[in-house]
Amino acid sequence: MRTPWKLQNLGRWAGLLALSVGVTVLVFLGGIVLLAWQTGEGQASSLGALRDVSQALTQEADGSYTLQNFDLPQDAAAWMLLLDADGNVVWQWNKPDELPTHYTLGQVASFSRWYLMDYPVQSLARGDGLLLAGQEKGSLWKYSVEFSQRFMAWLPGWLMGMFFLALFCVLALAGLLLRRQFRREQRGRDEARSNWISGVSHDIRTPLSMVMGYAGQLEENPALPEQARKQAAIIRRQSQTIRDLVNDLNLTMRLDCEMQALRKAPLELAPFLRQTAADFLNSGLEHEVDLDLRLPKAPLPRIEADAFLLRRALNNLLLNAARHAPPGSVICLGVTNSVGAADPCGPPSPTCVLWVENQTGQAQAQPSDQDGGAPHGTGRKLVSQIAQAHGGRAVFSDGTRFRGEIWLPVGDKKQALRDGRA
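So, here's what we can say about the structure. (Residues numbered from 1 in each chain as written. Predicted model: local features only at pLDDT ≥ 70, side-chain atom pairs only at ≥ 80, totals over all residues. Heavy atoms only, no water.)

Scanning the entire structure with this criterion turns up two aromatic pairs. Relative to Tyr119, the ring of Trp79 lies with its centre 5.8 Å away and its plane at 90°, an arrangement referred to as edge-to-face. Pair noted here: Trp79 is in strand β3 (residues 79-83) and Tyr119 is in strand β6 (residues 119-126), with a separation of 40 residues, a long-range link. Ring geometry for Tyr103 and Phe111: centres 5.8 Å apart, planes at 80°, overall edge-to-face. There is no split in this pair, since Tyr103 and Phe111 are both buried. Arg380 extends its terminal NZ or CZ atom over the ring of Phe396, reaching a point 4.5 Å from the ring centre. When the ring centre of Trp407 is taken as origin, the NZ or CZ atom of Arg393, which lies over that ring, is 5.1 Å away. (Phe/Tyr/Trp six-rings, centres within 6.5 Å; stacked < 30°, edge-to-face > 60°. Helix = DSSP H or I, 4+ residues; strand = E, 2+ residues; numbered from the N terminus. Buried < 20%, exposed > 50% of the residue type's maximum accessible area, 1.4 Å probe, protein only. Lys NZ or Arg CZ within 6 Å of the ring centre and 35° of its normal.)

As structure tokens, then:
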């Protein structure tokens, strides 16, 4: 049986990946905040110093300005200017020589947003003018950015949506990669398991053939007592059961691992079912049952199928019905030409149904095995696998009458649907 894909492993890896992505994003955002705080400390202190200087800077009676009882913090500013309403410098501190003493309205508007002769400048409006605090060239990066109010209102939700979209893409990609890896490992395990079962099957066949051969000779030896020959017959039949177990187990594994190639060919159902019934009756049944072959009078459709696998499926159904029926039961093997009928589990499509049924109408001596009906527990599963490999399905019903059905498509199902719509 193929091991199902490990969803819990995928969830575990996806959770670890999501946690890793979340931690990475948090560290990244935290690093940006920390960087902004560390590098913006000088700018914050410059703005604070500009306010303090504005409060300490007073105008004298003669119109001059003095800075009273104030110590400018180190690195708060490289120089300061006070411009009056006409743009003239009326007070200065440590002004570079290259800076003019008069500024036009356009120059004020320019350096308020950008730079003053490559000096980064911060300004503070006063009642008597404009106070400027400048830094050294190349010490501060300034860029003016404007956004609409609608953009700023949408920005948080948009960024959050982009974040989760990126996270989903990362998780989806990781899921695809993990699924591919799991499938590769699954194929390796399936091949190893199939090779192991094939090896064990090969090792069992040789001694099993010897046991069956010697048991058959003992069963046919007239020199032995009747009881001994009956015991030899039991050994032979049980050896055949073991052989069927090995064959079914090997075939089930190959179908489950998709390693069994179908050899489909046109198949006439009537001759095929007659041959299947004859092989079943000549197989040396342990149970005393009668087989009734029921074929419709109408012509049966020709199907594309693997005759070997389909015969194996019907044989398993026949064995299941025979083993769980009282002596003297009647086992029916038949086919229903259901072209144009509706599959209960799908849309109307051309279908034929191969079925096996116990027609005694009595309660079964023992319940049918839910995992296959065969003594080795693979019969019913094998029937379902063979039906699915042919594009059909298997249906089982238990009760006073056991019935097993194999629904098989006839021809091209898509073409039939198109014809039906036309």
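Turning to the pairing of β3, a few remarks are in order. The buried fraction of β3 amounts to five of the five residues, a majority that puts the element mostly inside the structure. What you see with β3 is no split at all: Trp79, Leu81 and Leu83 on one side and Met80 and Leu82 on the other are buried throughout. Both β3 and strand β7 (residues 129-134) contribute to a ladder of five bridges, which runs antiparallel. Across the sheet, Leu81 pairs through a bridge with Leu132, a residue of β7. As defined by bridge partners, β3 adjoins strand β4 (residues 89-93) across four bridges and the pair is classed as antiparallel. Residue pairing for β4: Met80 is matched across the bridge by Trp93. (Pairing = 2+ DSSP bridges.)

One broad trend across soluble globular proteins is that nonpolar side chains are buried collectively. Formed by 38 residues in total, the largest nonpolar core has its most connected members in Ile303, Leu354 and Ile406. The element best represented in this core is helix α7 (residues 307-323), accounting for nine residues. Setting aside residues up to four positions removed in sequence, Leu354 forms contacts with Leu269, Leu273, Leu310, Leu314, Gly334, Val335, Gly404, Glu405, Ile406 and Leu408. Of all hydrophobic cores here, the second largest spans 14 residues; its members include Leu81, Phe111, Tyr119 and Leu130. (Core = buried A, V, L, I, M, F, W, Y, C linked by side-chain atoms within 4.5 Å. Contact = heavy atoms within 4.5 Å.)

Backbone geometry at Asn94 places phi at a positive 60°, although glycine is not the residue there. Here Asn94 is to be found in the loop between β4 and α3 (105-113). Among the residues examined, Asn94 registers a relative accessible area of 54% and is labelled exposed. Non-glycine residue Met117 carries a positive phi angle of around 55°. Relative to the helices and strands, Met117 is located in the loop between β5 (115-116) and β6. On the basis of relative accessible area, Met117 is assigned to the partly exposed category, the value being 38%.

This part covers a nonpolar patch on the surface. Side chains of Trp114, Trp141, Tyr143, Val145, Phe147, Phe151 and Met152 sit close together on the surface and give an oily, nonpolar patch of about 820 Å² of accessible area. Assignment of secondary structure puts Trp141 in the loop between β7 and α4 (149-219). (Patch = residues over 30% accessible without salt bridge, like charges linked within 9 Å, V, L, I, M, F, W, Y side chains within 5 Å. Areas by Shrake-Rupley, 256 points an atom, 1.4 Å probe, with all protein chains shown as cover. Salt bridge = Lys/Arg side-chain N within 4 Å of Asp/Glu carboxyl O.)

This paragraph deals with the sheet that holds β5. Spatially, five strands are ordered β4-β3-β7-β6-β5 in an open sheet, and the strand pairing comes out antiparallel. The open sheet has two edge strands with one neighbour each: β4 and β5.

Evaluation of the coordinates by the stated rule reveals nine salt bridges. One salt bridge in this structure joins Glu98 and Lys137, with 3.5 Å as the shortest N-O distance. Of this pair, Glu98 sits in the loop between β4 and α3 while Lys137 sits in the loop between β7 and α4, placing them 39 residues apart in sequence. A relative accessible area of 40% places Glu98 in the partly exposed class. Because the salt bridges share partners, they merge into one network encompassing Glu357, Arg403 and Glu405.

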